[in-house]
Amino acid sequence: MKITRRAGLVALLASGTLLLAACGSDNNTTTTSAAAGSAGGSSAAASGSAAAGGGTTFEGAGFSCATGALRSSGSTAQGKVMEQWIADFNAKCGANLNAYGGGGSGKGIQDFIANQVDFAGSDSSLKEDQAAQAQSQRCAGNPALNLPMVTGPIALAYNVSGVDTLTLTPAVIAGIFSGTITTWNDPAIAAINPGVTLPATGIQAVHRAEDSGTTENFTKYLAAAAPSAWTFTPAKAWAAPGGVAAQGSDGVSKQVKSTDGSIGYVEWGFALDDGLNVAQLDNGGGAVELTAESAGKAVEAATVVGTGKDLALKLDYATKEAGAYPLILVTYEIVCSAGNSADTAPLLKSFLGYTATDGQTTLAELGAAPLPASIQQQVIASASSIS
C-alpha cells in the first residue's frame, strides 16, 4: 500500500501540465532579487528537455561532476531525500559531500546567513529581511536563490484507538492545536464525523520543537483557511499554548505512533513509513482524502512569485475546490546566486544540478514527489547560473 500510494503521487505530480504550489514568504511576494535574470533562458534547460521526475539527465542538462565537500543543514522534511542524494552524488562523482545537518528550516537559514553552511534546506522561501541579510552578509552583495527541489503534502497523522477514518475541518484543526478542543468526542469533531464512534480520550496535539518550515506552512494553512479560529501569526516557531513538542519530522511521527489520542502535522512520507492513519480535510468543498489525485488538484492553482532566477512559490491554502487536498509544502535549497568561493561554486552547481535532474528519479521510494517539468527546467536554469 505504501509503494502504491507513493508511486501514484509521483506519477500525478510529474505531469508537466501542473503548476507547482507551495509556501513563499508571509506576504507571498518575497524574492531574493528581481535582478537575478531570466530563469528560462539557459542553454542547459534547453538541452535537457523531457518529462519531469528525472527525464532530464544530469549530463543532458549540461552539468558535469565536480569534487570536494559541501556543508548543509535545514529542513528535516527533506532529510531522507538529501541523505540519499548526497550518497548517490558522492558515488557518481567521487565527491566528499558532508552529511546533511538537518536541524529544521530555521536553523538552516540561520546557518546559511552566518556562513556555516554552503546551502540550506527550507520548507519556506526566504522572507524579505532574511533575503536582505543573505545578500549583504553572505552572498557578497548578490541575491540568494530559493530553488524548489522536493514537493510533498503535509499529513494530519493521528493515533486514536478504534478510529480508522476521520474528517477534520480547518476550524476544528485550529481548535485542536490551539487547545480549545481537548477530547476526541468533542461535539465539533462528532458533527463532521457522523457514524464514527469517537472515544472520550484526551487529545494530545504534537507540534515541532524547533523552528520549522513545516510549522510555518501548517500555520499558514490554518490562518488562511480558518482565520477566525486561528489567531496566531504564521511562523517557523510554534506559538500556540499547550500540546507536546517533538524534534523534527521523524520525532513528530514517532510521538504520534507511540501515544493513543495523539495527532500531529508531518510530511506525508514519515506518516507512511510509520503506518499512521491520516485525516481527511474538508476545506468547504467536501471531505478529501490525501491521495495522488487530491494532491494534484491542489497544485494546479499555484503560482511562481519569485522573480528572475529566484523560484519562490505560492499556494492557495484556502481553496475550496472539490477533491483538492490543500496542505502541500515544497522544500527549497537556498544558495547564493553568485559570490561563492572559487572552490565551492563548481561543486554547488554540480550537486544542485544533480538534484534537479537524476536526483528526481529517487524521490518515489522516499515518500516525496519529483518536480513538474515546467518548474524543473527553471530550477535547472537557475542552478546552471550559480557562480
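Per an unreviewed UniProt entry, the chain carries the name Phosphate-binding protein and comes from Nakamurella multipartita. Comment text from UniProt for the chain, heading Sequence similarities (unreviewed entry), reads "Belongs to the PstS family."

1. Let's talk about the pattern of salt bridges
Within the structure shown, the criterion is met by ten salt bridges. Aspartate 111 is the partner of lysine 107 in a salt bridge, and the nearest nitrogen-oxygen pair spans 2.6 Å. One end of the pair is lysine 107 and the other is aspartate 111, both in helix H4 (residues 105-113) and four residues apart, which spans about a single turn. For lysine 107, a relative accessible area of 39% puts it in the partly exposed group. We note a salt bridge from aspartate 250 to lysine 254, for which the minimum N-O separation is 2.9 Å. Separated by four residues within a single helix, aspartate 250 and lysine 254 lie in helix H9 (residues 248-258), roughly one turn from each other. Residues joined in a network through salt bridges with shared partners are Glu59, Lys92 and Asp358.

2. A few points about the packing of helix H6 (residues 170-178) against helix H8 (residues 213-225)
Where H6 contacts H8, the two axes come as close as 9 Å, and the packing angle between them is 125°. Classified by the angle between their axes, H6 and H8 sit oblique to one another. In this structure, H6 meets H8 at a crossing whose hand is left-handed. Only Phe218, Tyr221, Leu222 and Ala225 of H8 make contact with H6, whose side of the interface consists of Pro170, Ile173, Ala174 and Phe177. For the contact of H6 with H8, the residue count by class is eight nonpolar, no polar and no charged.

Procedures and definitions
- Every chain begins its residue count from 1, and numbering advances along the sequence as written.
- Confidence filtering applies because this is a predicted model: local features only for residues at pLDDT of at least 70, side-chain atom pairs given and counted only at 80 or more, and all residues used for totals across whole chains, interfaces and linings.
- Side-chain measures were taken over the full set of non-hydrogen atoms in the model, leaving aside hydrogen atoms and water.
- UniProt positions are given in the numbering used here, feature names are shortened, and annotations may be inferred rather than shown by experiment.
- Whenever Lys or Arg places a side-chain nitrogen within 4 Å of a carboxyl oxygen from Asp or Glu, that contact is recorded as a salt bridge.
- Working definition: helices are DSSP H or I runs of at least four residues, strands are E runs of at least two. Numbering for both runs from the N terminus.
- The rule is simple: take the accessible area with a 1.4 Å probe, protein chains only, and divide by the maximum for that residue type; under 20% is buried, over 50% is exposed, in between is partly exposed.
- Angles here are taken between N-to-C directions and fall from 0 to 180 degrees, while the axes themselves are lines fitted to C-alpha atoms, restricted in helices to the stretch in contact.
- For classification, angles of less than 35 degrees are called roughly parallel, those exceeding 145 degrees roughly antiparallel, those between 65 and 115 degrees roughly perpendicular, and all remaining angles oblique.
- When the near helix sits turned anticlockwise from the far one by under a right angle, the crossing is termed left-handed; a clockwise turn instead gives a right-handed crossing.
- The criterion used for residue contact is that any of the two residues' heavy atoms lie within 4.5 Å.
- Only Asp, Glu, Lys and Arg are considered charged in this grouping, and only Ala, Val, Leu, Ile, Met, Phe, Trp, Tyr, Cys and Pro are considered nonpolar; every other residue, Gly among them, is considered polar.

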